[in-house]
Amino acid sequence: MVIYIDVLLFINTIINYAILMTTERLLKRNCKLYRILLGAFAGALFSLFIFVDSDSRLLLFLLRVLSSALLTLITFGWRSKAEYLKAVVCTIFVSVSFCGIFILFYQLFKPPDMIIVNDIVYLQNDPLLLIALTAVIYVIMLLMYKLFSERIKSTVVPLQFTVLQKTYSCIGKIDTGCNLKEPFSSAPVIIADPSVFTVEPDQPLRIIPYTAIGGSSFLKGVQAESVIINKKKIDKAIYIASSKIENPNYQAIINSDIIR
């Protein structure tokens, strides 16, 4: 089969776009569209691996890791070493999953104009078929994530946190519907009732935007020095915001990502 480089790049840009969109959902990030498109195209350039000698398995593996690391950096940026490695591993996992499903489709249906060489997919005459298949795989990946991801029941637990060397205690609810994060660090946020904690003007506060049924607004938050949930210390950055909690049974809402 004659391989046309423009078609090869177009097809793999579409596939990489779906891979990065899936990774974004799994990581619960909010990336700019232009960064995802740029990362997808950068990844497509690595589809030229299709011309590498397939006997060089070690070289292909190293190039695959390098390409995943590069397009992850382009798409998700650098926040910390741990966050970057997490994003790279997730990108590789999603890429391998997409490739596995493509190979399964290829083995089952043997499309005459489709080939997979060095884990690179090429479809010569009908790129729309590949786009449709990529969209189906994207939906399958998200459904699998929904079905098999860790389930955390909404639970009321004792909460203790320290801000500017002052410790506050209350009852908090672990809420699976709360995904509020500080926008720059993506650190999860705990919302405390003003009767427990209030952000003062002289504190090093952050503005935390949110969207609810009633519209969009923002909260003022401060990074906690320590957080203890249900007698377990949490070793990650967490912000405390202040807002009215309309429930007599608890005084704080805890982002469930904190205890995952």
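The structure contained in this document is the topic of the report that follows. (Residues numbered from 1 in each chain as written. Predicted model: local features only at pLDDT ≥ 70, side-chain atom pairs only at ≥ 80, totals over all residues. Heavy atoms only, no water.)

1. Thoughts on the nonpolar core
Next up, step 1: Grouped together as the largest cluster of nonpolar side chains are 22 residues, with contacts concentrated most on L159, F161, I190, F197, V227 and I240.
Next up, step 2: At the level of secondary structure, the elements contributing two or more residues to this core comprise β3 (155-163), β4 (166-175), β5 (189-192), β8 (226-229) and β11 (252-255).
Next up, step 3: Ranked by residues supplied to this core, first place goes to β3 with four residues.
Next up, step 4: Excluding residues that lie within four positions of it along the chain, F161 makes contacts with K166, T167, Y168, A192, V196, F197, S226, V227 and I240. (Core = buried A, V, L, I, M, F, W, Y, C linked by side-chain atoms within 4.5 Å. Buried < 20%, exposed > 50% of the residue type's maximum accessible area, 1.4 Å probe, protein only. Helix = DSSP H or I, 4+ residues; strand = E, 2+ residues; numbered from the N terminus. Contact = heavy atoms within 4.5 Å.)

2. Digging into the packing of aromatic side chains
Next up, step 1: Per the stated rule, a full pass over the model turns up four aromatic pairs.
Next up, step 2: Here F161 and Y168 contribute two aromatic rings whose centre-to-centre distance is 5.3 Å and whose plane-to-plane angle is 20°, an arrangement assigned as stacked.
Next up, step 3: Owing to a relative accessible area of 0%, F161 belongs among the buried residues under this scheme.
Next up, step 4: Between the aromatic rings of F161 and F197, the centroid separation amounts to 5.7 Å while the plane-to-plane angle is 85°, which identifies the pairing as edge-to-face. (Phe/Tyr/Trp six-rings, centres within 6.5 Å; stacked < 30°, edge-to-face > 60°.)

3. Examining the side chain of S97
Next up, step 1: Mapped onto the secondary structure, S97 falls in helix α4 (residues 81-109).
Next up, step 2: For S97, a relative accessible area of 19% corresponds to the buried category.
Next up, step 3: Of note is the side chain of S97, whose polar atom sits 2.9 Å from the backbone oxygen of F93. (Polar contact = N/O pair within 3.5 Å; in protein donor to acceptor, adjacent residues only side chain to side chain.)

4. Overview of the pattern of salt bridges
Next up, step 1: If you walk through the whole model with that rule in mind, you get two salt bridges.
Next up, step 2: Linking K181 and D257 is a salt bridge whose minimum nitrogen-to-oxygen distance equals 3.8 Å. Remark: D257 occurs in the segment after β11 and K181 occurs in the loop between β4 and β5; sequence separation between them is 76 residues. The exposure classification of K181 matches that of D257, with both residues buried.
Next up, step 3: The salt bridge partner of E182 is R206, with a shortest N-O separation of 3.0 Å. One end of the pair, E182, is in the loop between β4 and β5; the other, R206, is in strand β6 (residues 206-212), with 24 residues separating them in the sequence.
Next up, step 4: By relative accessible area, which is 32% here, R206 ends up partly exposed. (Salt bridge = Lys/Arg side-chain N within 4 Å of Asp/Glu carboxyl O.)

5. Description of helix α1 (residues 5-27)
Next up, step 1: Over its 23 residues, α1 extends 32 Å from the first C-alpha to the last, a length consistent with the 33 Å expected when each residue adds 1.5 Å.
Next up, step 2: Looking one or two residues beyond α1, the residue adopting positive phi is K28, at roughly 60°. (Expected span 1.5 Å × (residues − 1).)

6. Focus on the pairing of β8
Next up, step 1: Residues of β8 alternate between two faces, with V227 and I229 buried on one and S226 and I228 left unburied on the opposite face.
Next up, step 2: As judged from the four bridges shared by β3 and β8, these two strands associate in the antiparallel manner. Across the sheet, the residue bridging to L159 is I229, located in β8.
Next up, step 3: Inspection of the sheet shows β8 paired to strand β9 (residues 232-233) by two bridges, in the antiparallel sense. Considered in β9, the bridge of I228 is made with K233. (Pairing = 2+ DSSP bridges.)

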